[in-house]
Amino acid sequence: MDALDRLTFPTYTLRRKFLKIFGASFHIFDPDGNVVLFCKQKALRLREDVRLFTDESQTTELLRISTKSVFDISGTYDVIDSIDGDRVGALRRRGLKSMFKDEWLFIDEQGNEIGTIKEDSALLATLRRFIEAASFLFPQKYHAEIQGQPVATFKQRFNPFIQKLDIDFTPDAQGLLDRRLGLAAAVMLGAIEGRQN
């Protein structure tokens, strides 16, 4: 499969194994269950530097997600196309607002805010943060919009050992969301938001 073809599916499933001592690894599957992307997040890094590859061999890098800030609650994560070196855009976590309900911003390549990713419910979000069992009973769900139009959903599935996130780009009928930015968002939701549950 061509490297760029891996970015064209309408739905994906991201899987992250828990209890990894030396960082987290993510497998991203196409609708038929084939691994189309892989990334490994190194543990104990002061700055995020996440890279998406075509497979576990890590020979062909497609995307890089990184931040320059250290311990920034409102960190901005640049998304770079590793093939041509161009900046696709960025993702910014909404700092204090995300303490009670997760919210992220989509930023375009010029630095303009173009959309949001929001957790489904303030009540459920609060329950998940203060009652550990609630995160298993009510897995997180996020809705993404660009220019007020729905473009994607990200929904966790209950599993005590493996974190799974269903990614659905079918709401994006107008093609407003760059799929590279959408997949980077899924990885960051798994990597950053996954730590708080």
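Refer to the structure above for everything that follows.
What you see is a predicted model, and the numbers here were worked out from it, not measured in a lab. (Residues numbered from 1 in each chain as written. Predicted model: local features only at pLDDT ≥ 70, side-chain atom pairs only at ≥ 80, totals over all residues. Heavy atoms only, no water.)

(A) Fine view of the overall build of the protein. The helix and strand inventory of the protein stands at 3 helices and 12 strands. Looking at the protein as a whole, 45% of its 197 residues qualify as buried. Of the roughly 10000 Å² that the protein leaves accessible, carbon and sulfur atoms contribute 53%. (Helix = DSSP H or I, 4+ residues; strand = E, 2+ residues; numbered from the N terminus. Buried < 20%, exposed > 50% of the residue type's maximum accessible area, 1.4 Å probe, protein only. Areas by Shrake-Rupley, 256 points an atom, 1.4 Å probe, with all protein chains shown as cover.)

(B) The sheet that holds strand β11 (residues 149-157), seen in detail. Spatially, 12 strands are ordered β1-β2-β3-β4-β5-β6-β7-β8-β9-β10-β11-β12 in a closed barrel, and the strand pairing comes out antiparallel. With direction set aside, neighbouring strand axes in the sheet form an average angle of 20 degrees. When strand β9 (residues 113-119) meets strand β10 (residues 141-146), the two strands line up antiparallel, connected through 5 bridges. Across the sheet, residue Glu119 finds its bridge partner in β10, namely Tyr142. In the packing of helix α3 (residues 179-191) onto the sheet, the strands contacted are β1 (11-17), β2 (24-29), β3 (35-41), β4 (49-53), β5 (61-66), β6 (76-81), β7 (87-93), β8 (103-107), β9, β10, β11 and β12 (162-168), and the crossing angle to β7 comes to about 35 degrees. (Pairing = 2+ DSSP bridges. Axes fitted to C-alpha atoms, helices over the stretch in contact; angles between N-to-C directions. Contact = heavy atoms within 4.5 Å.)

(C) Structural view of the packing of aromatic side chains. This model, assessed by the stated rule, comprises 3 aromatic pairs. Ring plane angle 80 degrees and centroid distance 6.1 Å describe the contact between Tyr12 and Phe169, whose orientation is recorded as edge-to-face. With a gap of 157 residues between them, Tyr12 in strand β1 and Phe169 in the loop between β12 and α3 connect regions that are remote in the sequence. Its relative accessible area of 3% is what places Phe169 among the buried residues. When the ring of Tyr77 is compared with that of Trp104, the centres are 5.7 Å apart and the planes differ by 40 degrees; the resulting orientation is tilted. Of this pair, Tyr77 sits in strand β6 while Trp104 is found in strand β8, placing the two residues 27 residues apart along the sequence. Look at Trp104 and you get buried, because its relative accessible area is 1%. Three or more aromatic residues joined by ring pairs make a cluster, and in this case those are Phe9, Tyr12 and Phe169. (Phe/Tyr/Trp six-rings, centres within 6.5 Å; stacked < 30°, edge-to-face > 60°.)

(D) Layout of the pairing of β5. The sheet contact formed by β4 and β5 spans 5 bridges and is antiparallel. Paired with Asp49 across the two strands is Ser66, which belongs to β5. Pairing of β5 with β6 involves 4 bridges; the strand directions are antiparallel. Residue pairing for β6: Arg64 is matched across the bridge by Ile80.

(E) Just unusual backbone geometry, in detail. One non-glycine residue, Gln58, lies in positive phi territory at about 55 degrees. Looking at where Gln58 falls in the secondary structure, it is placed in the loop between β4 and β5. One non-glycine residue, Gln147, lies in the positive phi region at around 50 degrees. On the secondary structure map, Gln147 appears in the loop between β10 and β11.

(F) Examining the side chain of Arg6 more closely. Locating Arg6 in the fold gives a position in the segment before β1. At 5.2 Å, Asp55 is the nearest oppositely charged side chain to Arg6, a buried residue that forms no salt bridge. Engagement of the side chain of Arg6 in a polar contact is seen with the backbone oxygen of Thr54, the distance being 3.1 Å. Those residues in contact with Arg6 that lie beyond four places of it in its chain are Met1, Tyr12, Val35, Val36, Leu37, Thr54 and Leu62. (Lys, Arg positive; Asp, Glu negative; His and termini not counted. Salt bridge = Lys/Arg side-chain N within 4 Å of Asp/Glu carboxyl O. Polar contact = N/O pair within 3.5 Å; in protein donor to acceptor, adjacent residues only side chain to side chain.)

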